[in-house]
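Each chain is listed here by its residues.
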Amino acid sequence: MAALEAAVSRLTGALTDTVATLKELAGSLKPTAGVLEELAALVKTLVEAQVRTERRLEELTARVEALAEAQARTEERVGRLEEAVARLNERVTRLEEAVAKLAEAQARTEERVGRLEEAVARLAEAQARTEERVGRLEERVGRLEEALTRLAEAQARTEEQVARLTEAQAKTEEALRILVDRVGELDGFYQELRFVRRAPAILGRARFRRVRVVNPEELADRLDDLEEQGLISPAERDRLVETDLIVRARRDGQEVWVAVEVSSTVDIRDVERAAESAALLARILGAPAVAAVAGRRIGPAAAAAAHDRGVLILSQA
């Protein structure tokens, strides 16, 4: 803007000098009509040129002012751009720092990737070895499955044999039970016969004298008469008839009746039957009666029951 003003000022000064020079020339020369006309035309031309120059100067001035305003706006925009550039430079700096950090992280990542690749390679080798081992294990499993199948078949045969043996064992146990029962019955019968044969000796150890075993048929006849007379009930008659032994004896100078239950092993039922039979004898015959049990063995419970019921325990030893 200042340079343009200076140029316009120089141009205006030059035009002023030119006009002065022309005036001097006009004064020094003889005025002639032709020269005057030429001068007038020249002056006119110069005046027109001056007018155009002034018009252009005004246009230039307006343009300069517009340019000055545009320059001001441009400088303002440049200021904003410089601020934006400063901000961009700051962001670029931060980005450069971030890029540097990313580069370092990328380097570390590449290092880790390298280690991972090595680990993957080792894992691939281990996987190959594992697959080989799995193949061998599958073969072993196949052989084991075959062995298990054979074992299952053998187990089925064994279970079948065990079932047959169990059935045979059950039959054997049943036969043994029947045999034991029969042996028990036989032993009980033997104990009765033995007691009958040795009654005086066995009861003699308990201070009984003149021991006589009552004949079962005679006892049954007498009980039948009492039942027919209504003196005893059928159940009482059966209880006395089913008593193993009825004995007549004397004890302490007095006649007594003895109801004896004989078993291989004396139990509580033997004690209870002997006590019931002795009570019936005492009531029916009106004479003292003693309950007694005899056998090879007597359990603690039966012994306690005999003590509580006053039942005499006789030893056949």
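Let us look at the structure shown here. (Residues numbered from 1 in each chain as written. Predicted model: local features only at pLDDT ≥ 70, side-chain atom pairs only at ≥ 80, totals over all residues. Heavy atoms only, no water.)

A look at a negative patch on the surface
Rules: A patch is a set of surface residues, each over 30% in relative accessible area and not in a salt bridge, joined within 9 Å for like charges and within 5 Å for the nonpolar side chains Val, Leu, Ile, Met, Phe, Trp and Tyr. Surface accessibility follows the Shrake-Rupley procedure with a 1.4 Å probe radius. Residue values consider only the protein chains on display as shielding. We define a salt bridge as a contact between a side-chain nitrogen of Lys or Arg and a carboxyl oxygen of Asp or Glu at a distance within 4 Å. Under the counting rule used here, the positive set is Lys and Arg, the negative set is Asp and Glu, and His together with the chain ends is not counted. Here the site of a charge means NZ on Lys, CZ on Arg, CG on Asp, or CD on Glu. Only DSSP runs of H or I reaching four residues or more are called helices, and only runs of E reaching two or more are called strands; each is numbered from the N terminus. When accessible area is computed with a 1.4 Å probe and restricted to protein chains, residues below 20% of their type maximum are described as buried, those above 50% as exposed, and intermediate ones as partly exposed.
Together, Glu 217, Glu 218, Asp 221, Asp 225 and Glu 228 line one region of the surface with negative charge. The topology assignment puts Asp 225 in helix 3 (residues 216-228). Judged by relative accessible area, which is 41%, Asp 225 ranks as partly exposed.

What to know about helix 6 (residues 300-309)
Keep this limit in mind: What the arc covers is the set of directions going from the helix axis to the C-beta atoms. In this analysis, two residues are considered to be in contact whenever any of their non-hydrogen atoms come within 4.5 Å of each other.
Buried within helix 6 are the following residues: Ala 302, Ala 305 and Ala 306. For helix 6, the angular spread of buried residues about the axis comes to 100°, placing them on one side. Facing away from the buried side of helix 6, by more than 90 degrees, are the exposed residues Pro 300, His 307 and Asp 308. Check the buried side of helix 6 and you find it contacts strand 3 (254-266), helix 5 (268-285), strand 4 (289-298) and strand 5 (312-315). Gly 310, located one to two residues past helix 6, shows a positive phi value of around 70°.

Some details on the pairing of strand 5
Rules: Should DSSP find at least two bridges between two strands, the strands are taken to pair. Crossover handedness is defined here as right-handed if the route from the first strand over the helix to the second strand goes clockwise, with the strands pointing away from the viewer.
Two strands pair when backbone bridges link them, and strand 4 and strand 5 are joined in this way by 4 bridges, in the parallel orientation. Bridging from a neighbouring strand, Gly 295 pairs with Ser 315 of strand 5. Handedness of the crossover joining strand 4 and strand 5 through helix 6: right-handed.

Some words on empty space enclosed by the protein
Note the threshold: In the cavity and pocket records, a cavity denotes points on a 1 Å grid over the protein atoms alone where a 1.4 Å probe fits but cannot get out, a pocket denotes an open set with protein on both sides within 12 Å along at least 5 of 7 lines, and lining residues are residues with an atom within 4 Å of a point. Grid points are joined across faces, edges and corners, and a volume is the space filled by probe spheres set on the points. Any residue that is not Ala, Val, Leu, Ile, Met, Phe, Trp, Tyr, Cys, Pro, Asp, Glu, Lys or Arg is counted as polar, Gly included; the first ten are nonpolar and the last four charged.
A complete count under the given rule lists 1 cavity of 30 Å³ or more for this structure. Taken as a whole, the largest cavity holds about 50 Å³ of empty space. Within the residue set of the lining of the largest cavity, elements represented by two or more residues are helix 3 and helix 5. With 4 residues, helix 3 is the largest single contributor of residues to the lining of the largest cavity. Its residues placed into classes, the lining of the largest cavity shows 8 nonpolar, no polar and 1 charged.

Some words on the sheet that holds strand 2 (residues 245-251)
Spelled out, the test is: Geometry is summarised by axes, namely lines fitted to C-alpha atoms with helices restricted to the contacting stretch, and by angles between N-to-C directions that run from 0 to 180 degrees.
Pairing within the open sheet is mixed, and its 5 strands lie in the order 1-2-3-4-5. This sheet does not close on itself; its edge strands, each paired only once, are strand 1 (209-213) and strand 5. Mean inter-strand twist for the sheet, computed between neighbouring axes without regard to direction, equals 30°. Note: strand 2 against strand 3, 7 bridges, orientation antiparallel. By the bridge assignment for strand 3, Ile 246 is matched with Ala 259. Along the sheet, helix 5 contacts strand 2, strand 3 and strand 4; its crossing angle with strand 3, the most-contacted strand, is approximately 160°.

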